[in-house]
Amino acid sequence: MSNLFDDRQCQLGEGPLWHPERQQLFWFDILSKQLLTRTNGTPKTYQFAEHVSAAGWVSQSELLVASETRLFLFNLDTEATRDICPLEADNAVTRSNDGRVDPKGGFWIGTMGFNAEPGAGAIYRYYRGELRKLFGNITISNAICFSPDAKTAYFADTDTQTIQKVELDDDGWPTGTPTLFTDLTVSGHYPDGAAVDSEGHLWNAQWGAHRVARYAPDGSFVSEVSLPAAQVSCPAFGGADLQTLFATTAAVDLEGEEEGRTYFAQTAVRGQAEHRVIL
């Protein structure tokens, strides 16, 4: 059973991040160019001039934020910014989308076309000063997450209705060719954002399906958390015990007060703490 965490209606909620040092949830409304949070129960909004979609935590006060043109450091207390590197800055077709930090401290970030142009997107990894393109020809990058043992990364192209997995080396870089983790074409679901719990199970938000679905390490379906909103976009584990599953949703193209809100549900399993970005 899910509960309402924040009643602000996001056009395209995305990128929930539980900051372990602040014990605070941050998330984005991509289409409104906003970063949202709650401080002691009070809503707070940070407004940007360009689309922002995902972040990793660097310190108690700083996030590494991905936008449509760059990665930049953002100070949550002063709102100061500092550019780290460009991200497809010369490509007006694309923007950032899903992203998460791996256990080695590398920030993975996907891009996609503003209008989901076929094959326009890619997935990158920023690690210790280097931004490297990992995979290309992606339409809607999503489901970036990592196994607790740091040996596997997962990602999806929502358009293909499949989630892929790839082995990682000791520095967290992909090695070999991605292989199929789970095929959602039979069930008719579209994979959006994802997170992996401490037991190695993958929790996947599924666009249009009112749910976050849990899959075993072998890719088999285990269970689901139902949500009032249809377009569930990304989950994240948080709370003091990491047993709260947060989920962003999107109101774009829909009517109804439940759409676009941010929800939470208590789970019987712990998530992984979000990893710190190593700049």
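Values in this document were obtained by computation on a predicted structure and should not be read as measured data.

**Some remarks on the environment of Val252**
And then number 1: In this fold, Val252 is placed in the loop between strand 23 (244–249) and strand 24 (262–266).
And then number 2: When the C-alpha positions of Val252 and Gly56 are compared, they lie 25 Å apart, and in sequence the two are 196 residues distant.
And then number 3: For Val252, the residues in contact, after removing those within four places along its chain, are Gln11, Leu31, Trp207 and Gln231.

**Describing the nonpolar core**
Side chains that are nonpolar tend, in soluble globular proteins, to be buried together.
And then number 1: Leu64, Leu71, Phe107, Ile109 and Tyr126 are the most contacted members of the largest nonpolar core, which has 15 residues in total.
And then number 2: Counting only elements with at least two residues in this core, the list comes to strand 7 (62–67), strand 8 (70–75), strand 11 (107–113) and strand 12 (121–127).
And then number 3: With three residues, strand 12 is the single largest residue contributor to this core.
And then number 4: Not counting residues within four places of it along the chain, the set of residues in contact with Tyr126 comprises Leu64, Leu71, Ile84, Cys85, Gly105, Gly106, Phe107, Leu131, Ile278 and Leu279.

**Notes on the sheet that holds strand 4 (residues 34–39)**
And then number 1: The strand order across the open sheet formed by four strands is 2-3-4-5, and the pairing between neighbours is antiparallel. In the strand order of this sheet, the two ends are held by strand 2 (13–19) and strand 5 (42–47), each with one partner. Direction aside, neighbouring strands of the sheet carry axes that sit 20 degrees apart on average.
And then number 2: With six bridges connecting them, strand 4 and strand 5 associate as antiparallel partners. Looking at strand 5, one finds that Thr39 is bridged to Thr42.

Rules used throughout
Residues numbered from 1 in each chain as written. Predicted model: local features only at pLDDT ≥ 70, side-chain atom pairs only at ≥ 80, totals over all residues. Heavy atoms only, no water. Helix = DSSP H or I, 4+ residues; strand = E, 2+ residues; numbered from the N terminus. Contact = heavy atoms within 4.5 Å. Core = buried A, V, L, I, M, F, W, Y, C linked by side-chain atoms within 4.5 Å. Buried < 20%, exposed > 50% of the residue type's maximum accessible area, 1.4 Å probe, protein only. Pairing = 2+ DSSP bridges. Axes fitted to C-alpha atoms, helices over the stretch in contact; angles between N-to-C directions.

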